[in-house]
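Chain residues, written in single-letter form:
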Amino acid sequence: MNFKLSPNFLDSAFRKLTKNEFTSFQNLYTNFVQKNSELNLSAIRDEQGIWEKHFYDALLGAEFISDSDAKILDLGSGGGFPAFPLAIVFPEKKFFPFDSVGKKMKAAQEIAQKSGIENVSTIVGRAEELGQQQKYREQFDVVTVRAFASFSVCLELAFPFVKVDGKILLYRGPESEDDAELLTEAFGGFLRNRKVGKLPSGDQREIWEIVKLYPTEKRFPRGNGIPKSMPMTLEGFEF
Ligand code: SAH
């Protein structure tokens, strides 16, 4: 292992970070490693992996977050990614890591608090249920989704939370997707951008920016487990 962290390691992911921001990332690293050794938040445990695959990767989506975006939901957040790195560089916005596993969100809240990341508030619940509740439905400017489910399932579970004119930021690998544009339209959205980015190690990553144009049909999200067991295809929509 010859990884040597430099203070400008993250700069090319988004913009040059301030010294304070870099210190926040160092604190996040320390506290994340500690919690991850107590309970299994993430399989990525080595120093380089955490800086690259969690921190650098998360910041690749930062350019799509606008000044007017105030509330950002991180769907299936696990150990707090991509929410935490974004919360460090956008301290004036409020981030909501959201996961069905209560102990992960408890750990995530503690990591944020210990790291001095104050603009984070975790939510525990299943997307199928909270997506139908008025308190959460169409309440967020941005929904981030990484390593969560297949494309269609991500759309069904993310769209209900997004305000009209808000957006989904989908963090993906380089794999192709059949019918991506048409499925996005069927759910009332528009695929505005596909950013191809690279991690320092060379791995290719993509950020898909999907804008919500119309309110989500009331039938979405369907009940617990149904989106994953019977993913929506184009046949399930009227055009
Ligand atoms: N986004 C994180 C974690 C990905 S793992 C990262 O990129 O590192 C996917 C997470 O989604 C798991 O923590 C799992 O508990 C959560 N999850 C799966 N199905 C869910 C559902 N229906 N509602 C809410 N969270 C869910």
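As a starting point, this report considers the structure included with it. Just so it is clear, the structure is predicted and the values come from calculations on it, not from any experiment.

Paired through backbone hydrogen bonds, the strands of a sheet run either parallel or antiparallel to each other. The sheet built from seven strands is open, its strands ordered E3-E2-E1-E4-E5-E7-E6 with mixed pairing. Looking at which strands have only one partner, the edges of the open sheet turn out to be strand E3 (123-124) and strand E6 (189-198). Looking at chain direction, E6 and strand E7 (residues 204-212) are connected through nine bridges and run antiparallel. Bridge pairing links phenylalanine 190 to valine 211 in E7. Packing against the sheet, helix H2 (residues 47-59) makes contact with strand E4 (140-146), strand E5 (162-172), E6 and E7, and its axis sits at approximately 145° to E4. Across the face of the sheet, helix H4 (residues 102-114) comes into contact with strand E2 (94-99) and E3 while running at roughly 150° to E2.

Let us now look at the pattern of salt bridges. Tallied over the full model, the rule gives 19 salt bridges. Notably, a salt bridge pairs lysine 35 with glutamate 110, separated by 2.6 Å at the nearest N-O pair. Here lysine 35, found in helix H1 (residues 19-38), pairs with glutamate 110, found in helix H4; they are 75 residues apart in sequence, far enough to count as distant. Exposure remark for lysine 35: the relative accessible area of 13% places this residue in the buried category. Shared partners join several salt bridges into a network, and the residues in it are Lys35, Glu38, Lys106 and Glu110.

A word on a nonpolar patch on the surface. There is a patch of nonpolar side chains on the surface, built from Phe190, Leu213 and Tyr214 and spanning about 320 Å² of accessible area. Looking at where leucine 213 falls in the secondary structure, it is placed in the loop between E7 and helix H8 (226-229).

Another point: the packing of aromatic side chains. Scanning the model with the defined rule gives 19 aromatic pairs in all. On the basis of an interplanar angle of 85° and a centroid distance of 5.4 Å, the ring pair of phenylalanine 3 and phenylalanine 9 is categorised as edge-to-face. Comparing phenylalanine 3 with phenylalanine 9 shows no difference in burial state: the two are buried. Each ring, one from tryptophan 51 and one from phenylalanine 55, has its centre 5.0 Å from the other, and the planes form 75°; the classification is edge-to-face. In this pair, tryptophan 51 and phenylalanine 55 are both assigned in helix H2, four residues apart and thus about one turn of the helix distant. Of the two residues, tryptophan 51 and phenylalanine 55, both sit in the buried class. An aromatic cluster is built from Phe22, Phe25, Tyr29, Phe32, Trp51, Phe55, Phe81 and Phe84, whose rings are joined through pairwise contacts. Sitting above the plane of the phenylalanine 140 ring, lysine 71 keeps its charged end 5.0 Å from the centroid. A cation over a ring is seen here: arginine 219 above phenylalanine 237, with NZ or CZ 5.3 Å from the ring centre.

What follows deals with the site of the ligand. The local shell around the ligand holds 17 residues, among which Gly76, Phe81, Asp99, Lys104 and Arg146 are the closest. A distance of 3.2 Å separates a nitrogen atom of the ligand from a polar atom in the backbone of serine 100. For the ligand, a nitrogen atom lies 3.0 Å from a polar atom in the side chain of lysine 228. For the ligand, the accessible surface in isolation is 580 Å², of which the surrounding protein chains cover 83%. Taken together, the residues that form the shell around the ligand break down as five nonpolar, six polar and six charged.

Rules used throughout
Per chain, residue numbering runs from 1 following the sequence as it is written. Whole-chain, interface and lining totals are the exception, using all residues; otherwise, since this is a predicted model, local features are given only for residues with pLDDT of at least 70 and side-chain atom pairs are given and counted only at 80 or more. Side-chain descriptors were evaluated using all non-hydrogen atoms of the structure, hydrogens and water having been removed beforehand. When DSSP finds two or more bridges between two strands, those strands count as paired. For helices the rule is a DSSP run of H or I covering at least 4 residues; for strands it is a run of E covering at least 2, with both sets numbered from the N terminus onward. We call two residues in contact whenever any of their non-hydrogen atoms come within 4.5 Å of each other. Fitted lines through C-alpha atoms serve as axes, helices being fitted only where they are in contact, and the angles separating the N-to-C directions of these axes extend from 0 to 180 degrees. A pair is scored as a salt bridge if a Lys or Arg side-chain nitrogen falls within 4 Å of a carboxyl oxygen belonging to Asp or Glu. Under the scheme applied here, a residue whose accessible area is under 20% of the maximum for its type counts as buried, over 50% as exposed, and between as partly exposed, the area being computed with a 1.4 Å probe on protein chains only. A patch is a set of surface residues, each over 30% in relative accessible area and not in a salt bridge, joined within 9 Å for like charges and within 5 Å for the nonpolar side chains Val, Leu, Ile, Met, Phe, Trp and Tyr. Residue exposure ignores everything except the shown protein chains as possible cover, and the areas themselves are Shrake-Rupley values with a 1.4 Å probe. Aromatic contacts are taken between Phe, Tyr and Trp rings whose centres are within 6.5 Å, Trp giving its six-membered ring; a plane angle under 30 degrees counts as stacked, one over 60 as edge-to-face, and the others as tilted. Two conditions define a charge sitting above a ring: the NZ of Lys or the CZ of Arg must be within 6 Å of the ring centre, and it must be within 35 degrees of the ring normal. Any residue with a non-hydrogen atom lying within 4 Å of a molecule or strand is treated as near it. By the criterion applied in these results, polar contacts are pairs of N or O atoms within 3.5 Å in which, for protein atoms, one can donate a hydrogen and the other can accept it, and in which residues neighboring in sequence qualify only through two side-chain atoms. We call Asp, Glu, Lys and Arg charged. Ala, Val, Leu, Ile, Met, Phe, Trp, Tyr, Cys and Pro are nonpolar, and the rest, Gly among them, are polar.

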